[in-house]
Amino acid sequence: MFMSKISNSFVVKFIMRLVILFAVAKSVSLMILWYLPKEGVTQSSNKNYVATYQKVDFKIMLQNVEKGNIAAIEGAGNSKVNKGTTIANLMLKGIYATQKKGFVIVTKKANPSQAAIVALGERYEGFTLSSIIKQSAIFYKNNEEYVLELEAVNSNGQRVIKGEKNVDSEHGDKVDVSKEDISFYTKNPEEVWKEISITEVKDGEDIKGFEVKEIKAGSKFESLGLKKGDVIVKVNNVVLKSYKDAIDIYQNVGDISGISLVVMRDNQEVELVYEVN
Amino acid sequence: MKKIALFLLNIFVFTALMLYLLPKENLYYLLEQNLEKESLVFNNEKFKDKGLQFEVRDSVLFYKGIESAEIGKTRFDFFLLYNAVVFKGVKVSNIAQNFMPPYVNRVDFRYTIFDPLRIRGKARGEFGEADIFLHLLEKKIRVILLPSEIMLQKYKNSLKKFKKSEDGEYVYEQNI
């Protein structure tokens, strides 16, 4: 009798109804959960990546390939230098390396036009290439280690690209750009747009470069060799396919010691090379 | 009459429970997947489910792969008849600072069933104040901007896409 009274009471009915509604709602939410994604979307960013300019003298390299002058050249004229120092009469002209393989391009200072390609494990002038690191190659000879650096380092710790004549560039040589100018324009981006106007060039949905629409006469940008109508397609070997590509370079431009622009001008590729001092 | 009232009460309670129990974090992931199609990605979020509200803290917004803004707090309100998304403490990235001042105090978008064809938004920050209208049927966005002095002095270029009205407002319209 007492139990029957309780089960018929309004409060119990209300609580029972709430429990049922809760159970149904929970079941529905679990069913919804089943169909929903379990992970979100994450944007990967490579903030530390800096697209540096690496000049490889392919013209010389190809001349030597034609002559069959490839690596493993042993013979006289080896220079012995102290352990851990740069090999005195050899120059490192270029580096290609992945985690497992790689090669370097070396020349003798006495005869820089005679370049050779040396793969890991191969010998050149008695030196065996044992490993390639960021800016240098390590050779072994007579159980001693020798380091050949790609670029010299000046007293300020700034990297310096050796001043070779750039046969492909508009001016036939590199153009100097001061760090002060770069610093000024990165801190005052509005000043950039007062001197130059750039817009994307699209092929359907894809960006294929950035066109110089306007350039102020007598401006810094004009002195860099850019012209109205140029389409910038590559910077430091990075193909510009999105705003992100361009902005990644813009954000790191202060850390770059050499800049190479490839522009399409009158349907021809023109390379503009700048050295940052 | 009593039965109808009871039925409506049941519906109301069930809806409230549903809104409370919804897997909001996973719904947010679904939203992220849809936003990714528009090249919008949020990173580094920390979530807090508060029942009828869902908070996302310290997110970083990327647009087309470019870091565009840091958002201190994003709040989603689910009240069925009235829903809102509120962004607070927005700092635009260095790149975006080329186009506008860095700090946006608050941006909110509100949708109510009583105005079903329109999402209304309001933004306030160093750039000034803006009213945003998203017309769902016409697929059109309309922004009415009242720019601040900083905006008028330093970011004139950004205002070029706006049409200036006689009362000093700047109006931007775009089909979406």
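Note that the structure is a prediction, hence the values are computed from the model and not measured. (Residues numbered from 1 in each chain as written. Chains lettered and ligands numbered in written order. Predicted model: local features only at pLDDT ≥ 70, side-chain atom pairs only at ≥ 80, totals over all residues.)

## Considering the overall build of chain A
Filter applied, for reference: Here a strand is any run of E in DSSP of at least two residues, a helix any run of H or I of at least four, and the numbering for each starts at the N terminus. It is the C-beta atoms, placed from the backbone, that decide contacts: two residues are in contact if theirs lie within 7 Å.
Scanning chain A for helices and strands turns up seven helices and 16 strands. Sequence separation of at least 24 residues holds for 49% of the intrachain contacts in chain A that already meet a minimum separation of 6.

## Description of the overall build of chain B
Spelled out, the test is: Once C-beta atoms are placed from the backbone, each residue is buried if 20 or more other C-beta atoms lie within 10 Å of its own, exposed if 12 or fewer, and partly exposed for counts between those two.
Across its full length, chain B holds three helices and 11 strands. Traced from its N-terminal end to its C-terminal end, chain B shows the element sequence α-α-β-β-β-β-β-β-β-β-β-α-β-β. Relative to its 176 residues, chain B shows a buried fraction of 15%. A sequence separation of at least 24 residues applies to 31% of the contacts in chain B between residues at least 6 apart.

## A word on the interface of chain B and chain A
Our working rule: When residue character is reported, Ala, Val, Leu, Ile, Met, Phe, Trp, Tyr, Cys and Pro are called nonpolar, Asp, Glu, Lys and Arg charged, and the others, Gly included, polar.
Listed as interface residues are 25 residues of chain B and, on the opposing side, 26 residues of chain A. Mapped onto the side of chain B that touches chain A, the elements with two or more residues apiece are helix H1 (2-21), helix H2 (24-37), strand E1 (40-43) and strand E4 (66-78) of chain B. Top element by residues in the side of chain B that touches chain A is H2 of chain B. It accounts for seven residues. Looking at the side of chain B that touches chain A residue by residue, the class counts come to 14 nonpolar, seven polar and four charged.

## Notes on the sheet that holds strand E4 (residues 123-124) of chain A
Residues and elements named next belong to chain A. Operational definition: Note on pairing: DSSP must find at least two bridges between two strands before they are called paired.
Read across the sheet, four strands follow the order E4-E5-E6-E7 without closing on themselves; strand pairing throughout is antiparallel. Whereas interior strands pair on both sides, the edge strands pair on one side only; in this sheet they are E4 and strand E7 (144-149). Of the strand pairs in this sheet, E4 and strand E5 (residues 127-133) are connected by two bridges, and their pairing is antiparallel. Residue pairing in the sheet places Arg123 in a bridge with Thr128 of E5.

## Observations regarding the confidence of the model for chain A
Residues and elements named next belong to chain A. Put simply, the rule reads: Residue-level confidence of the predictor, termed pLDDT, takes values from 0 up to 100.
Confidence along chain A averages 73 in pLDDT terms, with 71% of residues attaining 70 or more. Strand E9 (residues 159-160) is the least confidently modelled element of chain A, averaging 36 in pLDDT, while helix H2 (residues 10-35) averages 90, the highest of any element. Low confidence marks residues 57-86, where pLDDT is under 50. Its contacts with residues over four positions away, or in another chain, come to 51 contacts. Ignoring residues within four places in sequence, the model shows residues 152-172, a span with pLDDT below 50, making 31 contacts including any to other chains.

## Considering the nonpolar core
For clarity, the cut-off: The nonpolar core criterion groups buried Ala, Val, Leu, Ile, Met, Phe, Trp, Tyr and Cys residues into a set whenever they are joined through C-beta atoms within 7 Å.
Grouped together as the largest cluster of nonpolar side chains are 19 residues, with contacts concentrated most on Val104, Val106, Val118, Ala137 and Leu148 of chain A. For this core, the secondary structure elements donating two or more residues are strand E1 (90-97), strand E2 (102-108), strand E3 (111-119), E5, strand E6 (136-141) and E7 of chain A. In this view, Ala137 of chain A contacts Leu92, Ile95, Val104, Leu129, Ile132 and Leu148 of chain A; residues no more than four positions away in its chain are not counted. With 17 residues, the next largest nonpolar core counts Phe42, Leu61, Ile66 and Phe127 of chain B among its residues.

## Structural notes on the environment of Ile117 of chain A
All names here are of chain A. Position of Ile117 relative to the elements: it lies in strand E3. Taking the number of C-beta atoms within 10 Å as the measure of exposure, Ile117 has 20 and is therefore buried. Put simply, Ile117 and Gly94 are 23 residues apart on the chain and 9.1 Å apart in space, counted from C-alpha to C-alpha.

## Quick look at H2 of chain A
Because an α-helix packs 3.6 residues into every turn, residues spaced three or four apart end up facing the same way. The test is simple: The span expected for a helix works out to 1.5 Å for each residue beyond the first.
With 26 residues, H2 of chain A extends 38 Å from end C-alpha to end C-alpha; this agrees with the ideal 38 Å at 1.5 Å per step. Little of H2 of chain A sits out of view: just one of its 26 residues are buried.

## Observations concerning the sheet that holds E2 of chain A
Residue and element names in this part refer to chain A. Test applied: Every axis in this analysis is a line fitted to C-alpha atoms, fitted for helices over the stretch in contact. Angles between the N-to-C directions lie between 0 and 180 degrees.
Ordered by their spatial adjacency, three strands build an open sheet running E1-E2-E3, and the pairing between neighbours is antiparallel. At either margin of the open sheet sits one strand with a lone partner, and together these are E1 and E3. On average, adjacent strands in this sheet sit at an angle of 20° to one another, irrespective of strand direction. With seven bridges connecting them, E1 and E2 associate as antiparallel partners.

## Considerations on the packing of H2 of chain A against H1 of chain B
Heads up, the rule is: Each angle receives one of four descriptions, namely roughly parallel if under 35 degrees, roughly antiparallel if over 145, roughly perpendicular if within 65 to 115, and oblique otherwise. Left-handed describes a crossing whose near helix is turned anticlockwise from the far helix by less than a right angle; the clockwise case is right-handed.
In contact at an axis separation of 9 Å, H2 of chain A and H1 of chain B are set at 45° when each is read in the N-to-C sense. By the angle between their directions, the pair H2 of chain A and H1 of chain B is classed as oblique. Pair H2 of chain A / H1 of chain B crosses with right-handed handedness. Between H2 of chain A, through Leu18, Leu21, Phe22, Val24, Ala25, Lys26, Val28 and Ser29 of chain A, and H1 of chain B, the contact on the second element is made entirely by Asn10, Val13, Phe14, Leu17, Met18 and Leu21 of chain B.

## Describing the confidence of the model for chain B
All names here are of chain B. Mean pLDDT for chain B: 90, with 100% of residues reaching 70 or above. The lowest-confidence element of chain B is helix H3 (residues 149-154), averaging 88 in pLDDT; the highest-confidence one is strand E7 (residues 118-125), averaging 95. Here the prediction assigns the complex a pTM of 0.64, and the interface score ipTM is 0.80.

## As for unusual backbone geometry
The phi dihedral of Asn236 of chain A falls on the positive side, at around 45°, and the residue is not glycine. Within the element layout of this structure, Asn236 of chain A appears in the loop between strand E13 (231-235) and strand E14 (238-239). Its identity is not glycine, yet Asp58 of chain B carries a phi of approximately 55°, on the positive side. The topology assignment puts Asp58 of chain B in strand E3 (residues 53-63).

## Details of the pairing of strand E6 (residues 103-112) of chain B
Residue and element names in this part refer to chain B. In this sheet, E6 lies alongside strand E5 (residues 82-92) in antiparallel orientation, the contact comprising nine bridges. Among the inter-strand pairings, Ala84 is bridged to a residue of E6, identified as Arg110. Here E6 pairs with E7 via six bridges, running antiparallel. Residue pairing for E7: Val107 is matched across the bridge by Ala123.

## Some thoughts on the environment of Ile138 of chain A
Residues and elements named next belong to chain A. Locating Ile138 in the fold gives a position in strand E6. Under the C-beta neighbour-count criterion, Ile138 is labelled partly exposed, with 16 such atoms within 10 Å. Sequence separation between Ile138 and Thr128 is 10 residues; the distance between their C-alpha atoms is 8.4 Å. If near-sequence neighbours (up to four positions away) are discounted, Ile138 is found in contact with Ser130, Ser131, Ile133, Glu145 and Val147.

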